[in-house]
Amino acid sequence: MKIKNIKINSFGNINNKEYNLSEKINLIYGKNEAGKSTLLKFIHNILYGTSKNKKGKIYSDYDLYKPWGEGDFSGKIKYKLDSEEEFEVFREFGKKNPKIYNENLEDISKQFNIDKNIGNEFFFEQTKIDEFMFLSSIVSMQQQVKLNKQDQNIYIQKIANLAGTGDDNISYKKAIDKLNKKQLDEIGTDRSQGKPINLVINKINKYEKEIEDLENVKQNKYIIEEQIKKLNNEIEKEKLKEKYLKELKEKKEIEKIEIEKINLNKKVIEKNEKIIKEKKQELNLLLNEKEKNQIFKEQKLDKKLNRKINNKINNNSNNYFNKINELKINNKIYFILIFIFTVLDVLTFILTKNTSLLLISLIPIIGIILYYFIKKNNIKKENKKIKEKINRINYELNEKISYLENEIKLLEKNNEEPIKEIERIHEKINKEINMEKQRIKNKYIYKINNDELNILFNCIDFSEVIDNIQNLIRQKELNLNTLQFNKNNIIDNLENLVNIEELLEIEKQNYDELKDKNDKINTARILLSEAYEKMKNNVTPKFTSNLSKNIMQISNGKYKKVTVNDEEGIIVELPNGEYVSAEKLSGGTIEQLYLSLRLSMVKEISNENMPIILDEAFAYYDDERLENTLKFLIDNFNKNQIILFTCTNRERQILDKINVDYQLIELVD
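Residues numbered from 1 in each chain as written. Predicted model: local features only at pLDDT ≥ 70, side-chain atom pairs only at ≥ 80, totals over all residues. Heavy atoms only, no water.

1. Re the overall build of the chain
- Within the chain, the secondary structure is distributed over 15 helices and 15 strands.
- Counting the 669 residues in the chain, one finds 41% classified as buried.
- Partitioning the contacts of the chain with sequence separation of at least 6, the portion at a separation of at least 24 is 71%.
- Per element, the accessible surface of the chain, about 38,900 Å² overall, is 50% carbon and sulfur. (Helix = DSSP H or I, 4+ residues; strand = E, 2+ residues; numbered from the N terminus. Buried < 20%, exposed > 50% of the residue type's maximum accessible area, 1.4 Å probe, protein only. Contact = heavy atoms within 4.5 Å. Areas by Shrake-Rupley, 256 points an atom, 1.4 Å probe, with all protein chains shown as cover.)

Spelled out as structure tokens, the structure:
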């Protein structure tokens, strides 16, 4: 691969610049702060995108390289692959995905995979080099190959890391130790205590025990809910009965009022009947008296009797018939006396035959007869008076009788209306009230048990039954409130159950995450071990072989052999054949070793001959080492494009000295 052209609209402190590069050696010269590192960062970002993640730095690449002015934060790069295919990549750095054009300027962006996190992976698909490998091998950023004596051990470790793992920042042993420590600190083991997984397991056991206890409470909730449901149904039924009875009672009250009206009318009728009876009795007495007066009126009494009767009538008109009877008895006495005296006279005449004595004896008889006729005459006179008096009495009696008869008729007529009212009320009760009661019964026939419905329908005292039902409802409602209170307490606990279940689920997720993390660490350890073994057995020998060749050329034959082992790290063969640890070499030699190892990787990482990009890589090289290194690059990487960033003229002078063509690009402020 060769970079042919770079066009920057605006990136960092570079605006409206365009650079054409040679396919061989490119020397990019500029003073400090002239934009060399910015140009190198542009190449990196246009191929892999500009990250907005700070990754532990103060500023992200996006914030750091945004235009200082109003420039268009974009640019383009043109490159050619070993297959001679040419591509142009235009990127607006505020967007994740660039536009990729082929040599016919057709947009082929969609032909490549687009990762949702890193964007279009066109460069990786073309070269098989990801961003990490790009920065670990073909690019050496400023200060990456510079060290002093104090950093020598760190640099030696980087070389060992690079040889052993392919990454100068990753030590296999340290990586394994870190994985073990990370596993212990961030996860823990079955035998550890107080570590995340132990805490999570303890919490899971605790929450599961609490949930088990609360599940029993939950079962009680179901029982209470059934009891509440049953009580609610019972209360509802009792309330239906209450409502049913109240409706019946309302009709019963109306019926009661109507019955009361009947009773009142009956009382009126009874009162009238009583008065009528009394009046009739009085009337019968008067009629009897009238009848007796009529009998008496038709009788003939002597004067003496009439006088006596008259006196009796005057004294007590009501008992005169009895007195008349007494007078009649006295009339018989007269006849008896006359009969006795007549018998005596006859006997005296028969015995004496004396006419004178007979005549003398007739005197009493004549006297009695005279007295009788005189008395009878007087009685006639008195009888007339008595009859007149009786007529008067009869008239008064007739008046009284007529009045009583009218009163009786009026009372009997007055009873007709109450009787009709009673009949009307009975009809109303039968036709309206009883029908309404039956309608109410029919209304509840499917809501209340039929037997119970009939019992309630026929109950005598609705108020008492309603009171009993209301008391029962109150008792059931009291029981219901108690159950509801218990249920609410259970619900409070069950709300805690929900929280505990959520906590348990969280802890299970934490456990799964820890297990997953643990599995990943174990997998990483296995993969790292496998990769390390593979690197050590397959790749590292090639690296060390290339490294030995490289360092021999760069050191002008001084160091011929370099190897790496687990026990002693990097071992270098001295000119006299002795093997020494790389730590004993000078800083400059170690720098050469590091650069040699990175360069040895270039040929292994891709099927493309990738550019070698070095930013101020030789700042601490003396002229001899710099010349050897440049010759080494020219001789061994003649198929690779070489891009050197420098702030000195030494590289230019050496290239001129050894008569090598190069493209010079000068950066100005």
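So that's the structure; there's more coming.
2. A word on the packing of helix 14 (residues 623-636) against helix 15 (residues 650-657)
- Their axes nearest at 10 Å, the elements helix 14 and helix 15 cross at an angle of 60 degrees. As helix 14 packs across helix 15, the resulting crossing turns out to be right-handed. Here D623, L626, E627, L630 and I634 of helix 14 lie close against helix 15, whose contacting residues are R650, E651, I654, L655 and K657.
- The class makeup of the residues in the contact of helix 14 with helix 15 is five nonpolar, no polar and five charged. (Axes fitted to C-alpha atoms, helices over the stretch in contact; angles between N-to-C directions. Left-handed = near helix turned anticlockwise from the far one by under 90°. Nonpolar A, V, L, I, M, F, W, Y, C, P; charged D, E, K, R; others polar.)

3. Here's the deal with the pattern of salt bridges
- A full pass over the atoms with the stated rule returns 26 salt bridges.
- Taking the shortest distance from any N to any O, the salt bridge between D61 and K41 comes out at 3.3 Å. Taken together, the positions of D61 in helix 2 (residues 61-65) and K41 in helix 1 (residues 36-48) put the pair 20 residues apart, joining distant regions of the chain.
- For D61, a relative accessible area of 9% translates into the label buried.
- Looking at K41, the relative accessible area reads 13%, which means it is buried.
- Via salt bridges that share partners, K4, K78 and E86 belong to a single interconnected network. (Salt bridge = Lys/Arg side-chain N within 4 Å of Asp/Glu carboxyl O.)

4. Structural notes on the packing of helix 1 against helix 4 (residues 131-138)
- Their axes nearest at 11 Å, the elements helix 1 and helix 4 cross at an angle of 155 degrees. In this view, helix 1 runs roughly antiparallel relative to helix 4, as classed from their interaxial angle. Handedness of the crossing formed by helix 1 with helix 4: right-handed. Facing H44, L47 and Y48 of helix 1, the residues of helix 4 in contact are E131, F134 and L135.
- Of the residues contributing to the contact of helix 1 with helix 4, the split by class is four nonpolar, one polar and one charged. (Parallel < 35°, antiparallel > 145°, perpendicular 65-115°, else oblique.)

5. A look at the sheet that holds strand 1 (residues 2-11)
- Read across the open sheet, the five strands follow the order 2-1-4-5-6; overall the sheet is antiparallel. Of all the strands in the sheet, just strand 2 (14-20) and strand 6 (99-102) have a single pairing partner and so form its edges. Going from strand to strand, the sheet's axes swing by 10 degrees on average, the running direction of each strand aside.
- Note that strand 4 (residues 74-80) and strand 5 (residues 86-92) share seven bridges and pair antiparallel. The residue bridging K76 from the neighbouring strand is F90, located in strand 5. (Pairing = 2+ DSSP bridges.)

6. Some thoughts on a nonpolar patch on the surface
- On the surface, a cluster of nonpolar side chains totalling about 820 Å² of accessible area is made up of I333, I336, L337, F339, I340, V343, L344, L347 and L351.
- Mapping L347 onto the fold places it in helix 9 (residues 320-352).
- Among the residues examined, L347 registers a relative accessible area of 44% and is labelled partly exposed. (Patch = residues over 30% accessible without salt bridge, like charges linked within 9 Å, V, L, I, M, F, W, Y side chains within 5 Å.)

7. What about the environment of S83?
- Within the secondary structure, S83 sits in the loop between strand 4 and strand 5.
- Taking the C-alpha atoms as reference points, S83 and M1, separated by 82 residues in sequence, lie 8.6 Å from one another.
- Side-chain polar atoms of S83 contact the side chain of E85, separated by 3.0 Å. (Polar contact = N/O pair within 3.5 Å; in protein donor to acceptor, adjacent residues only side chain to side chain.)

8. A few points about helix 15
- Three or more residues of helix 15 are buried, namely E651, I654 and L655. Along the long axis of helix 15, the arc covered by the buried residues comes to 100 degrees, so they all point the same way. In helix 15, the exposed positions angled more than 90 degrees off the buried face are occupied by Q653 and K657. (Arc of directions from axis to C-beta.)

9. A short note on the confidence of the model for the chain
- Taken residue by residue, the chain gives an average pLDDT of 79. The fraction at 70 or more is 84%.
- Confidence over residues 300-310 falls short of pLDDT 50; this stretch has 52 contacts with residues more than four positions distant or in other chains.
- Within the model, the stretch residues 312-329 combines pLDDT values under 50 with 29 contacts to residues more than four positions away or in other chains. (pLDDT = per-residue confidence, 0-100.)

10. Topic: the environment of I366
- Here I366 shows up in helix 10 (residues 355-443).
- Classification of I366 by relative accessible area gives partly exposed; the value is 46%.
- The spatial distance from the C-alpha of I366 to the C-alpha of T342 is 9.8 Å, given a sequence separation of 24 residues.

11. So, the sheet that holds strand 9 (residues 139-140)
- Pairing is parallel in the open sheet, where five strands are placed in the order 9-13-14-3-15. The open sheet is flanked by strand 9 and strand 15 (663-666), the only strands paired with a single partner.
- Alignment of strand 3 (residues 25-29) against strand 15, held across four bridges, turns out to be parallel. Each residue of the ladder has a partner; that of I28, found in strand 15, is I665.
- Sitting on the sheet, helix 1 touches strand 3, strand 9, strand 13 (612-615) and strand 14 (642-646), and the angle it makes with strand 14 is about 150 degrees.

12. Let's talk about the nonpolar core
- Counting 63 residues, the largest nonpolar core has I6, Y79 and F618 as its most contacted members.
- In terms of nonpolar packing, the next biggest core, distinct from the first, is built from 39 residues, V200, I224, I469 and L497 among them. (Core = buried A, V, L, I, M, F, W, Y, C linked by side-chain atoms within 4.5 Å.)

13. With respect to helix 14
- The first and last C-alpha atoms of helix 14 sit 20 Å apart over 14 residues, in line with the 20 Å expected at 1.5 Å per residue.
- Among the residues making up helix 14, those that are buried are L626, E627, N628, T629, L630, F632 and L633. (Expected span 1.5 Å × (residues − 1).)

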